[in-house]
Amino acid sequence: SQQGEEDPQALSIQEGENATMNCSYKTSINNLQWYRQNSGRGLVHLILIRSNEREKHSGRLRVTLDTSKKSSSLLITASRAADTASYFCATDEYSGTYKYIFGTGTRLKVLA
Amino acid sequence: DTGVSQNPRHKITKRGQNVTFRCDPISEHNRLYWYRQTLGQGPEFLTYFQNEAQLEKSRLLSDRFSAERPKGSFSTLEIQRTEQGDSAMYLCASSVDAWRNAYGYTFGSGTRLTVV
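Only a predicted model underlies this, so the values are computations on that prediction, with no experimental measurement involved.

**Q** Any chance you could break down the interface of chain B and chain A for me, citing the residues and the numbers?
**A** With 24 residues of chain B in contact, the opposing surface of chain A contributes 22 residues. A per-residue breakdown of the area chain B buries against chain A is headed by Glu-56, Tyr-105 and Phe-107 of chain B, which together make up 24% of the total. Here chain B is connected to chain A by 1 salt bridge. Residue Glu-56 of chain B is joined to Lys-99 of chain A by a salt bridge in which the shortest nitrogen-to-oxygen separation is 2.7 Å. Sorting the residues of the side of chain B that touches chain A by element identifies strand E4 (31–37), strand E5 (44–50), strand E6 (53–57) and strand E9 (88–95) of chain B as the ones contributing at least two each. Counting residues per element, the side of chain B that touches chain A draws most heavily on E4 of chain B, at 4 residues. Class assignment for the residues of the side of chain B that touches chain A results in 12 nonpolar, 8 polar and 4 charged.

Here is the structure:
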């Protein structure tokens, strides 16, 4: 099962523009993470935001979390061609043990 | 230690054959996860180990799938009597204990399985 749904499914922008991706989830969480995946490769952890945090920054990344709306957004500022990848949100789910459940992903294409 | 290592990177097998994949996690990570990812989808949870104990298995993991983590180090995922629907990328990830984990999972590059 997939806990999160990313929106949009695909996004194409020009280099230098900002890219915003959204994630909605279904159940209560302790934290939410964003990952990047280049084509055919494994996932790379970008940022983790805890349920008691509303906003977090890391370099050109800005993540927000609204637990009342069960949603998060990832903003990439001043995008570069190298940012072209799929981006996934992941939320922790407890069913006897903790594990992360991934969304369906947003495919970002940054045009040079 | 250069991260999570998965072998082989690619595997092509005939339907009905058995395949085995290996994952070597980061040495100080006691948690190990297997996920499966099909084209255009996010990773789907398969199973989880804490040290050598397999603590959870997804309903996706039919009885043709078995995973082990002897001695709490590397892990293997075996698929018996492969079917075409098993074709996917199999991802392994490791992490430290959840309560002190601010850094998420470290994923390997995956094993791409093609069943013909």
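**Q** Can you break down the pairing of strand E10 (residues 98–102) of chain A residue by residue, with the values?
**A** Residue and element names in this part refer to chain A. The buried count for E10 comes to 4 of 5 residues, which makes it a mostly enclosed element. Looking at chain direction, strand E9 (residues 85–94) and E10 are connected through 5 bridges and run antiparallel. Looking at the pairing, Thr-91 lines up with Ile-101 of E10.

What counts and what doesn't
Residues numbered from 1 in each chain as written. Chains lettered and ligands numbered in written order. Predicted model: local features only at pLDDT ≥ 70, side-chain atom pairs only at ≥ 80, totals over all residues. Heavy atoms only, no water. Contact = heavy atoms within 4.5 Å. Buried area = accessible area lost by both parts, 1.4 Å probe. Salt bridge = Lys/Arg side-chain N within 4 Å of Asp/Glu carboxyl O. Helix = DSSP H or I, 4+ residues; strand = E, 2+ residues; numbered from the N terminus. Nonpolar A, V, L, I, M, F, W, Y, C, P; charged D, E, K, R; others polar. Buried < 20%, exposed > 50% of the residue type's maximum accessible area, 1.4 Å probe, protein only. Pairing = 2+ DSSP bridges.

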